[in-house]
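Each chain, letter by letter, is given below.
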Amino acid sequence: MRKWLYLLLVFHLLANLIWILLDKSSLAWDQAGHTLISLNFLDFFKGISQVNFFQISDYYPPLVHIIAALIMIFTGPVLLVGPLVVTVFFLMAITFLYLYTKEVFNDEKVAIFSAYFFSFLPVVYGQSRDFLLEIPLIALILGSLYFLEKSKKFSNLKNSLFAAILLSFALLTKWVAIIYLFIP
């Protein structure tokens, strides 16, 4: 059954890569803002910027921007890096949803159906190719929920720690992560 998950991941990876490479449209407002924040972190890491680390972004937590900036150290300031980072988080979201659903329902067919359904939702699939923070947030929350479920009410220390680490990464992506995790 896992072959269907791998097939889904390969399909989305190839489809997003083709889309990102062929898309020549200018960046929308939010995508341009996230790209600029990543470029500012890149300048900071290179020692070019005189701006304090904590003043680079005055609203968004820095995790995804820092990841993009660290990749840009090796690739240069390429605009494709942001959407590629989000694509990796999209693949993580699909995988964590599959694992979480399998853990909750103990049914691999339900898990694979959930992953397929989620991955082709128009809003999710559309945003998986844009440099926005929602897909990374979803991936990290799903990962945290998966490890939280595996911890069996915090009785397994390793899985509890993984859940806490992914929650902290989600908070470093968007501060509203705490709401999305604790309300359910």
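Let me sum up the structure you'll find in this document. (Residues numbered from 1 in each chain as written. Predicted model: local features only at pLDDT ≥ 70, side-chain atom pairs only at ≥ 80, totals over all residues. Heavy atoms only, no water.)

### Notes on the environment of F120
Argument step 1. In this fold, F120 is placed in the loop between α5 (108–119) and α6 (122–127).
Argument step 2. Through-space distance from the C-alpha of F120 to that of D107 is 21 Å; in sequence the pair is 13 residues apart.
Argument step 3. Ignoring any residue separated from it by four or fewer positions in sequence, one finds F120 in contact with L8, F11, H12 and Y125. (Helix = DSSP H or I, 4+ residues; strand = E, 2+ residues; numbered from the N terminus. Contact = heavy atoms within 4.5 Å.)

### With respect to the packing of helix α4 (residues 81–105) against helix α7 (residues 134–150)
Argument step 1. For the pair α4 and α7, the least separation of the axes is 8 Å and the interaxial angle reads 30°. By the criterion of interaxial angle, the relationship of α4 to α7 is roughly parallel. Here the hand of the crossing between α4 and α7 comes out left-handed. For the pair α4 and α7, contact is made by V86, F89, F90, M92, A93, F96, L97, L99, Y100, E103 and V104 and by I135, P136, I138, A139, L140, L142, G143, L145, Y146, F147, E149 and K150, respectively.
Argument step 2. In terms of residue class, the contact of α4 with α7 is built from 19 nonpolar, one polar and three charged. (Axes fitted to C-alpha atoms, helices over the stretch in contact; angles between N-to-C directions. Parallel < 35°, antiparallel > 145°, perpendicular 65-115°, else oblique. Left-handed = near helix turned anticlockwise from the far one by under 90°. Nonpolar A, V, L, I, M, F, W, Y, C, P; charged D, E, K, R; others polar.)

### Describing the packing of aromatic side chains
Argument step 1. Tallied over the full model, the rule gives 13 aromatic pairs.
Argument step 2. By way of ring pairs, the aromatic residues F41, F44, F45, F53 and F54 are connected into one cluster.
Argument step 3. The ring of W19 is capped by R129, whose NZ or CZ atom sits 4.1 Å from the centre of that ring. (Phe/Tyr/Trp six-rings, centres within 6.5 Å; stacked < 30°, edge-to-face > 60°. Lys NZ or Arg CZ within 6 Å of the ring centre and 35° of its normal.)

### Focus: a nonpolar patch on the surface
Argument step 1. On the surface, a nonpolar cluster with roughly 810 Å² of combined accessible area is contributed by V10, L13, L14, L17, I18, L21, L22, V78, L80 and L84.
Argument step 2. In terms of residue count, helix α1 (residues 2–22) provides more of the nonpolar patch than any other element does, seven residues in total.
Argument step 3. With respect to the helices and strands, the residue L84 is situated in helix α4.
Argument step 4. L84 sits in the partly exposed class, given a relative accessible area of 32%. (Patch = residues over 30% accessible without salt bridge, like charges linked within 9 Å, V, L, I, M, F, W, Y side chains within 5 Å. Areas by Shrake-Rupley, 256 points an atom, 1.4 Å probe, with all protein chains shown as cover. Salt bridge = Lys/Arg side-chain N within 4 Å of Asp/Glu carboxyl O. Buried < 20%, exposed > 50% of the residue type's maximum accessible area, 1.4 Å probe, protein only.)

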